[in-house]
Amino acid sequence: MNKKKEKQSQEVVEETTESRLYAFILSAPTISACKQACEHIHHWSFVKEFHPLRTSCGKMVKVHIFLGKCESEKMLRQTVNRATELMNKCLQQYHCVIVGTGIPDTFFPIYVPEMFIRPDFLNIPFLSFIEDVDKCNNSSFSNSKPSTK
């Protein structure tokens, strides 16, 4: 019986690792800033769901992001760091900060009507967004290089 439980436990871990759903914490200086940031992230296609943290007085939100499949733990760390950097750039107008929780999160959805839950088939991996941003940055960098003619 223990072997069966152990096998089920391993399957859950592998599934969580495979899906690369990752939890981040959004922290805001005010309730108003938090609401504005949440309205913004509501439209991000890689956000699975977000909900307020109970003890945060409306200034902190847990955000589940679909990162996509990472081939290694090193790639996961790099993706989380890059995702954190890009999301913080997008949210700086609200004076909010997003940080990773440090570990991939097992997803237990909490339905809060004013928050957004996106079905799996509508989630686009954050890795795709990173690739698009990097392509844009590389093409604008190559266009701005001085000509050597």
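Above: the structure in question.
Residues numbered from 1 in each chain as written. Predicted model: local features only at pLDDT ≥ 70, side-chain atom pairs only at ≥ 80, totals over all residues. Heavy atoms only, no water.

**Student:** Which residues make up the overall build of the protein chain, and what values go with them?
**Tutor:** From N to C terminus, the protein chain includes four helices and four strands. Ordered by position from the N terminus, the helices and strands of the protein chain form the series α-β-α-β-β-α-β-α. For the protein chain, the residues scored as buried account for 34% of the 149 residues in total. Across the protein chain, the fraction of contacts at a sequence separation of at least 24, relative to all contacts at a separation of at least 6, is 77%. (Helix = DSSP H or I, 4+ residues; strand = E, 2+ residues; numbered from the N terminus. Buried < 20%, exposed > 50% of the residue type's maximum accessible area, 1.4 Å probe, protein only. Contact = heavy atoms within 4.5 Å.)

**Student:** So, the state of the cysteines: which residues are in play, and what are the values?
**Tutor:** Counted according to the given criterion, the structure contains zero disulfides. The cysteine Cys 96 is free of any disulfide, with Cys 34 supplying the nearest cysteine sulfur at 6.2 Å. Exposure remark for Cys 96: the relative accessible area of 4% places this residue in the buried category. (Disulfide = S-S within 2.5 Å.)

**Student:** Kindly report on the packing of aromatic side chains, identifying the contributing residues and their values.
**Tutor:** Enumeration over the complete set of coordinates arrives at five aromatic pairs. The interplanar angle of 70° and the centroid separation of 5.3 Å between the aromatic rings of Phe 126 and Phe 129 together place this pair among those described as edge-to-face. Here Phe 129 and Phe 126 lie together in helix α4 (residues 126-144), a separation of three residues that amounts to about one turn. According to the relative accessible area criterion, Phe 129 is partly exposed, its value standing at 30%. Connected via pairs of aromatic rings, a cluster forms that spans Trp 44, Phe 46, Phe 126 and Phe 129. (Phe/Tyr/Trp six-rings, centres within 6.5 Å; stacked < 30°, edge-to-face > 60°.)

**Student:** Before we move on, could you go through unusual backbone geometry and cite the residues and values that matter?
**Tutor:** Located in the positive-phi region is His 95, a residue other than glycine, with phi close to 60°. Structurally, His 95 can be placed in the loop between α3 (73-91) and β4 (97-104).

**Student:** Residues and numbers for the nonpolar core, please.
**Tutor:** Among the nonpolar cores identified, the biggest contains 31 residues, and Leu 26, Ile 65, Met 87, Leu 91 and Phe 126 are the most heavily contacted of them. Secondary-structure elements contributing two or more residues to this core are β1 (21-27), α2 (31-41), β2 (47-52), β3 (60-66), α3 and α4. If one sorts the elements of this core by residue count, α3 sits on top with six residues. With residues near it in sequence (within four places) discarded, Leu 91 still touches Leu 26, Ala 37, His 40, Ile 41, Trp 44, Cys 96 and Ile 98. (Core = buried A, V, L, I, M, F, W, Y, C linked by side-chain atoms within 4.5 Å.)

**Student:** A description of the pattern of salt bridges should follow, citing residues and the corresponding values.
**Tutor:** Summed over the entire model, instances satisfying the criterion amount to three salt bridges. One network of salt bridges, with partners in common, ties together Arg 82, Glu 85, Lys 89 and Asp 134. (Salt bridge = Lys/Arg side-chain N within 4 Å of Asp/Glu carboxyl O.)

**Student:** Tell me about the side chain of Glu 49, and please be specific about residues and values.
**Tutor:** Note that Glu 49 resides in strand β2. Buried charge without a partner: Glu 49 forms no salt bridge, and the closest opposite charge is Lys 62, 7.1 Å away. Side-chain polar atoms of Glu 49 contact the side chain of His 51, separated by 3.0 Å. Within the structure, Glu 49 has its side chain in polar contact with the side chain of His 64 (distance 2.7 Å). (Lys, Arg positive; Asp, Glu negative; His and termini not counted. Polar contact = N/O pair within 3.5 Å; in protein donor to acceptor, adjacent residues only side chain to side chain.)

All quantities given are derived from atomic positions and should not be read as evidence of function.
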